[in-house]
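# Descriptive analysis of the structure
Next come the chains, spelled out residue by residue.
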Amino acid sequence: MISIEQALEKILSYVDVLGEEETPILECLRQVLAEDIYSGITIPPLDNAAMDGYAVQSRDTQGASRQSPRFLRVIDTVAAGSIPECEVEPGTAIRIMTGAPIPRGADSVVRFEDTDEVLRKRSSSEIGVLGEVAAGLDIRRAGEDITRGSMVLSQGTIIRPPEVGVLASLGRSRVKVIRRPVVAILATGDELVDIEQPLPAGRIYNSNTYSVAALVKRYGGIPRILGIARDNEDSLVVGLHQGLNADMLITAGGVSAGDYDVVKDVLAKQGEIAFWTVRMKPGKPLAFGIIKGVNQDGIARDIPHLGLPGNPVSSMVTFELFARPAILKMMGKKKLTKPTVDAVLEDSMVNSDGRRVFARAIVEKRDGQYFARLTGPQGSGILTSMVLANGLVIVPEDKAGVEAGEVVRVMMLDWSEE
Ligand code: AMP
Ligand code: MG
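Reference entry: report on the structure contained in this document.

## Focus: the site of ligand 1
Close to ligand 1 lie 16 residues; Glu 191, Asn 206, Ser 207, Asn 208 and Gly 254 are nearest. In this structure, Asn 206 approaches ligand 1 through a side-chain N or O atom, which is 2.9 Å from a nitrogen atom. Burial of ligand 1 by the surrounding chains reaches 79%, relative to a free accessible area of 490 Å². Among the secondary structure elements, those contributing two or more residues to the shell around ligand 1 are strand S12 (182–188) and strand S14 (204–205). The residue inventory of the shell around ligand 1, partitioned by class, reads five nonpolar, nine polar and two charged.

## Side note on the nonpolar core
Soluble globular proteins tend to pack their nonpolar side chains together in the buried interior. Counting residues in each nonpolar core, the largest one holds 45 residues, and the members touching the most others are Ile 250, Phe 319 and Phe 322. Ranked by residues supplied to this core, first place goes to helix H6 (residues 312–330) with 11 residues. If sequence neighbours within four positions are ignored, Phe 319 has contacts with Val 212, Leu 215, Val 216, Tyr 219, Ile 250, Leu 308, Arg 324, Pro 325 and Ile 327.

## What about unusual backbone geometry?
Of note, the amide linkage connecting Ile 43 to Pro 44 takes the cis form, showing an omega dihedral of -10 degrees. A cis amide bond links Lys 281 with the next residue in sequence, Pro 282, at an omega value of 0 degrees. Examined against the element boundaries, Pro 282 turns out to sit in the loop between strand S18 (280–281) and strand S19 (285–294). The phi angle at Arg 30 is positive, at roughly 70 degrees, despite the residue not being glycine.

## Quick word on the pattern of salt bridges
Summed over all chains, the structure comprises 19 salt bridges. The partner of Asp 138 in a salt bridge is Arg 111, with the nearest N and O atoms 3.0 Å apart. Of this pair, Asp 138 sits in the loop between strand S8 (126–129) and strand S9 (139–140) while Arg 111 sits in strand S7 (residues 108–111); the two residues are 27 residues apart in sequence, bridging distant segments of the chain. Classification of Arg 111 as partly exposed rests on a relative accessible area of 28%. Salt bridges sharing common partners tie together Glu 346, Glu 364, Arg 366 and Arg 373.

## A short note on the packing of helix H4 (residues 233–242) against helix H5 (residues 263–270)
In contact at an axis separation of 10 Å, H4 and H5 are set at 55 degrees when each is read in the N-to-C sense. In terms of orientation, H4 lies oblique with respect to H5. The element H4 and its partner H5 pack so that their crossing is right-handed. When H4 is examined against H5, the residues Glu 233, Leu 236, Val 237, Leu 240 and His 241 are found in contact with a partner set consisting of Val 263, Asp 265, Val 266, Leu 267, Lys 269 and Gln 270. A class-by-class count of the residues in the contact of H4 with H5 yields six nonpolar, two polar and three charged.

## Some points on the packing of aromatic side chains
With the rule as written, the count across this model stands at five aromatic pairs. On the numbers, 6.5 Å between centres and 20 degrees between planes, the contact of Tyr 219 with Phe 319 is stacked. Of this pair, Tyr 219 sits in the loop between helix H3 (208–218) and strand S15 (222–229) while Phe 319 sits in helix H6; the two residues are 100 residues apart in sequence, bridging distant segments of the chain. Here Tyr 219 and Phe 319 have matching classes, each one buried. Aromatic pair Tyr 370 and Trp 415: ring centres 6.2 Å apart, planes at 70 degrees, arrangement edge-to-face. Of this pair, Tyr 370 sits in strand S24 (residues 369–374) while Trp 415 is found in the segment after strand S27 (407–412), placing the two residues 45 residues apart along the sequence. For Trp 415, a relative accessible area of 44% corresponds to the partly exposed category. By way of ring pairs, the aromatic residues Tyr 14, Trp 276 and Phe 288 are connected into one cluster. For the cation-ring pair, Arg 324 lies above Tyr 219, with the distance from its terminal atom to the ring centre recorded as 4.7 Å. Over the face of the ring belonging to Phe 371 we find Arg 366, whose NZ or CZ atom lies 4.3 Å from the ring centre.

Thresholds applied
- Counting of residues starts from 1 at the beginning of each chain's written sequence and follows it residue by residue.
- The naming scheme follows written order: chains are lettered A onward, ligands numbered 1 onward.
- The predicted origin of the model limits local features to residues at a pLDDT of at least 70 and limits the giving and counting of side-chain atom pairs to 80 or more, whereas totals for whole chains, interfaces and linings rest on all residues.
- Hydrogens and water molecules were not included; the side-chain quantities draw on all heavy atoms of the structure.
- Whether a residue is near a molecule or strand is decided by its heavy atoms; if any one of them lies within 4 Å of it, the residue is near.
- Residues adjacent in sequence count toward polar contacts only when both atoms are side-chain atoms; beyond that, a polar contact is any pair of N or O atoms within 3.5 Å, and within protein one must be able to donate a hydrogen and the other to accept it.
- The Shrake-Rupley method, run with a 1.4 Å probe, gives the accessible areas here. Residue values count only the displayed protein chains as cover.
- Every helix listed is a DSSP run of H or I at least four residues long, and every strand listed is a run of E at least two residues long, numbered separately from the N terminus.
- Residue polarity follows a fixed list, in which Ala, Val, Leu, Ile, Met, Phe, Trp, Tyr, Cys and Pro are nonpolar, Asp, Glu, Lys and Arg are charged, and the others, Gly among them, are polar.
- Side-chain atoms within 4.5 Å link the members of a nonpolar core, which is a set of buried Ala, Val, Leu, Ile, Met, Phe, Trp, Tyr and Cys residues.
- The buried label goes to any residue with under 20% of its type's maximum accessible area, the exposed label to any with over 50%, and the partly exposed label to all in between, with areas taken from a 1.4 Å probe on protein chains only.
- In what follows, residue pairs with any heavy atoms lying within 4.5 Å of each other are defined as contacts.
- Here, a salt bridge means any side-chain nitrogen of Lys or Arg that lies within 4 Å of a carboxyl oxygen of Asp or Glu.
- Geometry is summarised by axes, namely lines fitted to C-alpha atoms with helices restricted to the contacting stretch, and by angles between N-to-C directions that run from 0 to 180 degrees.
- In what follows, roughly perpendicular refers to angles from 65 to 115 degrees, roughly parallel to angles under 35, roughly antiparallel to angles over 145, and oblique to any angle outside these ranges.
- Two helices cross in a left-handed way if the nearer one is turned anticlockwise from the farther one by less than a right angle. They cross in a right-handed way if the turn is clockwise.
- Ring pairs are drawn from Phe, Tyr and Trp, using the six-membered ring of Trp, whenever the two centres fall within 6.5 Å, and their geometry is named by plane angle: stacked under 30 degrees, edge-to-face over 60, tilted for the rest.
- Here, a charge over a ring means that NZ of Lys or CZ of Arg falls within 6 Å of the ring centre while also lying within 35 degrees of the ring normal.

Structure below.
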């Protein structure tokens, strides 16, 4: 048996960062920027008003108060997007809207609330200033966000909503990012039925393809569903060959010791393959290797292949531990591990066979402390337990058990926002 770390190291040594693609900015969320972004413009382009009010010379407001307002002559109005034509001279003010450029001569903005505007008729030619304002008040300076020629985002940045906004503010509609991996997914098993079909007695629906495809999508890849291969060599070979255009192939099932588990035999003939029993629970049997073949276009391809166990919980947990880091690495990401927290375990657990246990748990924060309780029975076929869980309690391989009240490390699957 090998450790999780050994298995992961081997897998990561076989996958590389993918090439670049140019993508519309709204389609590259969570992708990694593949170019440095310099600004060709200054933002904001001009000094402008931070509030609706009056552009004035601050000197004119000296001594102003509610009891003795300073009255100024209103000579113009300037809206956002227009260029002021008049200049503010002593004793005058220009009505100004948020975002409008500051007129020449003005050095501050008096907010509407600090004038007698509300007391006046709409088109008054005079305004009373009800308080002193300091020079520079409520003015946003040209270039305070971005200066022309500066580097705004660097290569390697992960695109999140703020980056999308900044790119848009620069007038960029497309950027170069590391492309998303295409992950082909092949289910295996004579017992499996496609979800579009009626369910004959004794058969089960193919769920792994969909949970795995959803995980691929969640972490930024593009799932390619190859359907169901039956438990015979011919069917499997056909399925595998359909996956040869992908960046990675994931199979689920067929890697344990059962009589019909032909994935091993087929893969051994189709490329370099390693079968491991990994010191973990759930998910002991795992296959990894390189599939060699010629795709439909006649091009020779070497595709990393990850053979996940078929039990629905095992395939999801092993995906998180092994497929997710591989996908993230291909996408150019540096942080490949899931976040963990320390939590007080509210149940007791036994670890009888020296493997690292990942137990489905519900993690909650109470009074500044995380608490974790198990979802219930931990059978690796109980997929609904994954619905309940937002984390996996980790019990190290050398620990025979955990008592209720002990602190454990929990790998978070979800930080629920809803
Ligand atoms: P295997 O790894 O092929 O021996 O499968 C282990 C268990 O997982 C068996 O009970 C299978 O029926 C089940 N299983 C395998 N593949 C799937 C799948 N795609 N969807 C749902 N259950 C599956
Ligand atoms: Mg099977």
